[in-house]
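Survey of secondary and tertiary structure
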Amino acid sequence: IMLIGGLLGLGIGWLLVQGAAQAMGAFLPGVFLSPSAMLTAVAIMIGAGLVAGIFPALKAMRLSPLGAAGVIVAGVTMPAFRMVGAVYGQEVGLRADQIGLFLAAGVLGGALAQWPTGWLADRYDRRWVLIGVSAASVLVCGAPAMAPVDATTAFAMALLFGFVTMPIFSISAGGVLRVSSPKE
């Protein structure tokens, strides 16, 4: 969030400097925003974002180590699927439109899983539900290596992948929220 806001501010600042350079070029010659100044601003934004995010992450780790670890794992797996999924789809022979459907199937699977996995996590020990969906995700990830993959199998595997991996975030975050106070 900090990076997006900072980049938006940097863009507005660049436009203002460009406008000032044109409007007051005779009075202030050489007004410009150098590439090194922009890179410095981006580095400061990234650094400030990391520092601002470390403290809540450490607090979550202290409250519920498993929950915090699950949030991190979920934060890595689904973006990786969306980034590498197109390459995988191309490797197994999917057309461009099928690759889009393949990636959408993962998101659909995750959306379909939210209610049943949330219900299970509320009724039973959240840690066991998390262990169950994690074990299922390992099985689903290994399945394509065991059999030939065509378009239908790829869509089914993406749907199942989303179904068992996307709820890891919500179950984990719910575990952290259950042990935190309203002030946290």
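Just above sits the structure.
The notes below deal with the structure included here. Everything quoted here is computed from the prediction, not taken from an experiment. Starting from 1, residues in each chain are numbered consecutively following that chain's sequence as written. With pLDDT at 70 or above as the cut-off, local features in this predicted model cover only qualifying residues; side-chain atom pairs require 80 or more to be listed or tallied, and sums for whole chains, interfaces and linings still use all residues. Hydrogens and water are ignored here; the side-chain numbers use all heavy atoms of the structure.

So, the nonpolar core
- One finds Phe81, Leu94, Phe102, Leu103, Val140, Ala158 and Phe161 to be the most contacted residues of the largest nonpolar core, which totals 13 residues.
- For helices the rule is a DSSP run of H or I covering at least 4 residues; for strands it is a run of E covering at least 2, with both sets numbered from the N terminus onward. Of all elements in the fold, only helix 3 (65–91), helix 4 (96–123) and helix 6 (151–179) reach the threshold of two or more residues within this core.
- Top contributing element to this core by residue count: helix 6, with five residues.
- Those residues within four positions of Val140 in sequence are excluded, and the remaining contacts are Met157, Leu160, Phe161 and Val164.
- Working definition of a nonpolar core: buried Ala, Val, Leu, Ile, Met, Phe, Trp, Tyr and Cys residues. They are joined through side-chain atoms within 4.5 Å. To sort residues, take the accessible area from a 1.4 Å probe on protein chains only and compare it with the maximum for the residue type: under 20% means buried, over 50% means exposed, and anything in between is partly exposed. Listed in part, the seven residues of the second largest apolar core include Leu130, Val133, Ile168 and Ile171. Throughout, a residue-residue contact means that at least one pair of heavy atoms, one from each residue, lies within 4.5 Å.

Digging into the packing of aromatic side chains
- Aromatic rings from Phe, Tyr and Trp, with only the six-membered ring used for Trp, were paired whenever their centres fell within 6.5 Å, and each pair was classed as stacked if the ring planes differed by under 30 degrees, edge-to-face if by over 60, and tilted otherwise. Evaluated as defined, the whole model comprises three aromatic pairs.
- When the centroid spacing of 4.9 Å and the interplanar angle of 35 degrees are considered together, the rings of Phe81 and Phe161 count as tilted. In this pair, Phe81 is assigned in helix 3 and Phe161 in helix 6, connecting sequence segments 80 residues apart.
- Through a chain of ring-to-ring contacts, three or more aromatic side chains come together here, namely Phe81, Tyr88, Phe102 and Phe161.

As for the packing of helix 3 against helix 4
- In this analysis an axis means a line fitted to C-alpha atoms, helices contributing only their contacting stretch, and an angle means the value between N-to-C directions, from 0 to 180 degrees. Put simply, helix 3 and helix 4 touch, their axes get as near as 9 Å, and they point 150 degrees apart. Taken together, helix 3 and helix 4 sit at an angle that is classed as roughly antiparallel. The two elements helix 3 and helix 4 meet at a crossing, and its hand is right-handed. Where helix 3 abuts helix 4, its residues Met78, Phe81, Arg82, Gly85, Ala86, Tyr88, Gly89 and Gln90 lie against Ile99, Phe102, Leu103 and Gly106.
- Here the nonpolar group is Ala, Val, Leu, Ile, Met, Phe, Trp, Tyr, Cys and Pro; Asp, Glu, Lys and Arg are the charged ones; every other residue, Gly included, is treated as polar. Here the contact of helix 3 with helix 4 is built from residues that sort into seven nonpolar, four polar and one charged. In this scheme, roughly parallel covers angles under 35 degrees and roughly antiparallel covers those over 145, while 65 to 115 is roughly perpendicular and the rest are oblique. In a left-handed crossing the near helix is turned counterclockwise from the far helix by less than a right angle, and in a right-handed crossing that turn is clockwise.

Some words on a nonpolar patch on the surface
- Exposure above 30% relative accessible area and the absence of a salt bridge qualify a residue for a patch, where like charges join within 9 Å and nonpolar side chains (Val, Leu, Ile, Met, Phe, Trp, Tyr) within 5 Å. In these tables, accessible area is a Shrake-Rupley quantity obtained with a 1.4 Å probe, and a residue counts as shielded only by the protein chains included in the view. Definition used for salt bridges: Asp or Glu carboxyl oxygen within 4 Å of a side-chain nitrogen of Lys or Arg. On the surface, Ile46, Leu50, Val51, Ile54, Phe55 and Leu58 cluster together into a nonpolar patch covering about 600 Å² of accessible area.
- By the secondary structure assignment, Leu50 is in helix 2 (residues 35–63).
- On the basis of relative accessibility, which here comes to 54%, the residue Leu50 falls in the exposed class.

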